[in-house]
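So the chains spell out like this:
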Amino acid sequence: MTEAKLHDGSTIHLEVHGRGPTVLLPVNPVPIEGTKADDMRKWGVDPALGRNLIDGLSDAFRVVAFDYEGHVLATPKPDTLTPANIAADLLAVADAVDADRFAYYGYSWLALSGLQLAIRTDRLSALVMGGYPPLDGPYAEMLSVTMATYEMSGQDPAPQQTERKADEYDWDSAEVTMTEAQTRQFVTLYEGLQDFDDRAAQASLSCPRLCFAGSADKIEYGERWGGVDVDIAGPMVNRRAELEALGWEVRVLDGLDHIQAMQVANVLPVLRPWLESRTG
């Protein structure tokens, strides 16, 4: 069993599959089963997303898979989940598998974590950010949403709504099921990003890099969640020429929202050929 020791002294299990250029993949390598899997499917999420990504890459790459999100939920870091500590954790994973050079793909907050890693190391051979823009990121908006989530954590849940399909999900009536410690760590993360200048950070990036998002990736949160719009696609669409001039390759997946754009059937056709062309 391969493990990495993280910034708080906890350890995370790593799975290594395949041979070739190393790719760090912060995904759950174990398919979810049972009732939880059924709930995920209602949202349009593949319960075996991580495993299917691994299988789709490991014939051409040495894939290092580790469930970082699952780890921080199981072992919360309410005061220490800072951008610098996340970057240190990702480097600890690379060190544990003797990867001096490696590519990284992350989606959503794990994508912005990749950007934080990239400005702190010269070991990246390639960076792929899915579901979060590398320029004009919604850091203030995400702090509002995570603060609201933190304030609601620990409260008694309201009666459940009638079941809805994923594309009809009502964010305003969604309930918070995470603990205070679990939600507080994401407040810590976004508090630590409030002074982050992602435009100035571009000068620190030298590796090949790709960003992608669904064209419909925008969530309008009601007052209960801070009354903000978290627009992921907008910066990639509106600043595409600027991003490309800064060295990014940009892919906008037509008609897809945040959840749809993270599914393997949509990710692999973008991710795999690009990694093959950039990592050799």
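Below you will find a few notes about this structure. Since this is a predicted model, take the numbers as computed values, not measurements.

Criteria and thresholds
- Residues numbered from 1 in each chain as written.
- Predicted model: local features only at pLDDT ≥ 70, side-chain atom pairs only at ≥ 80, totals over all residues.
- Heavy atoms only, no water.
- Phe/Tyr/Trp six-rings, centres within 6.5 Å; stacked < 30°, edge-to-face > 60°.
- Lys NZ or Arg CZ within 6 Å of the ring centre and 35° of its normal.
- Helix = DSSP H or I, 4+ residues; strand = E, 2+ residues; numbered from the N terminus.
- Buried < 20%, exposed > 50% of the residue type's maximum accessible area, 1.4 Å probe, protein only.
- Core = buried A, V, L, I, M, F, W, Y, C linked by side-chain atoms within 4.5 Å.
- Contact = heavy atoms within 4.5 Å.
- Expected span 1.5 Å × (residues − 1).
- Axes fitted to C-alpha atoms, helices over the stretch in contact; angles between N-to-C directions.
- Parallel < 35°, antiparallel > 145°, perpendicular 65-115°, else oblique.
- Pairing = 2+ DSSP bridges.
- Salt bridge = Lys/Arg side-chain N within 4 Å of Asp/Glu carboxyl O.

## Here we look at the packing of aromatic side chains
- Inspection of every chain in the model, using the stated rule, returns seven aromatic pairs.
- Put simply, the rings of Tyr68, Trp109 and Phe186 touch in pairs and so form one group of aromatic residues.
- Its end group placed over the ring of Trp248, Arg209 keeps NZ or CZ at 5.7 Å from the ring centre.

## Quick notes on the environment of Gly227
- With respect to the element layout, Gly227 can be found in the loop between strand E8 (218-220) and strand E9 (229-231).
- Under the relative-accessibility criterion, Gly227 is labelled partly exposed at 36%.
- Along the backbone, Gly227 and Leu90 are 137 residues apart, and their C-alpha atoms lie at a distance of 33 Å.

## So, the nonpolar core
- Grouped together as the largest cluster of nonpolar side chains are 59 residues, with contacts concentrated most on Tyr68, Trp109 and Trp248.
- Broken down by element, this core gets its largest block of residues, seven residues, from helix H5 (residues 109-118).
- In this view, Trp248 contacts Leu115, Leu127, Met129, Pro134, Gln202, Leu205, Arg209, Leu210, Cys211 and Leu243; residues no more than four positions away in its chain are not counted.
- Listed in part, the 27 residues of the second largest apolar core include Leu53, Phe61, Ala103 and Ala126.

## Examining helix H6 (residues 139-152)
- An ideal rise of 1.5 Å per residue puts 20 Å on 14 residues; H6 measures up with 20 Å between its terminal C-alpha atoms.
- Among all positions of H6, only Tyr139, Met142, Leu143, Val145, Thr146, Ala148, Thr149 and Met152 are buried.
- On its buried side, H6 packs onto H5, helix H7 (180-191), helix H8 (198-201) and E9.

## Brief notes about the packing of helix H4 (residues 83-96) against H5
- Contact geometry of H4 with H5 gives a least axis separation of 9 Å together with a crossing angle of 85°. As summarised for this structure, H4 and H5 are arranged roughly perpendicular, according to the angle between their axes. Contact residues: H4 offers Pro83, Ile86, Ala87, Leu90 and Leu91, while H5 offers Trp109, Ser113, Gln116 and Leu117.

## Comments concerning the sheet that holds strand E2 (residues 11-17)
- Pairing is mixed across the open sheet formed by eight strands, whose spatial order is E1-E2-E4-E3-E5-E6-E7-E10. Taken across any chain shown, the strands that pair with only one partner, and hence form the sheet edges, are strand E1 (2-5) and strand E10 (248-253). Neighbour-to-neighbour, the strand axes of the sheet open up by a mean angle of 20°, direction not taken into account.
- In terms of strand pairing, strand E7 (residues 209-214) meets E10 through six bridges, oriented parallel. Each residue of the ladder has a partner; that of Gly214, found in E10, is Leu253.

## Focus: the pattern of salt bridges
- Within this structure, the stated rule accounts for 16 salt bridges.
- The shortest N-O distance in the salt bridge between Arg199 and Glu242 comes to 2.1 Å. Taken together, the residues span a long stretch of sequence, with Arg199 in helix H8 and Glu242 in helix H10 (residues 240-245) at a distance of 43 residues.
- Across the pair Arg278 and Glu249 runs a salt bridge, and its minimum N-O distance is 2.1 Å. Of this pair, Arg278 sits in helix H11 (residues 264-279) while Glu249 sits in strand E10, and the two are 29 residues apart along the sequence.
- On the basis of relative accessible area, Arg278 is assigned to the partly exposed category, the value being 34%.
- With a relative accessible area of 22%, Glu249 lands in the partly exposed category.
- Sharing partners across several salt bridges, the network here consists of Asp136, Arg199, Arg239 and Glu242.

By themselves, these observations are geometric and do not establish any function.
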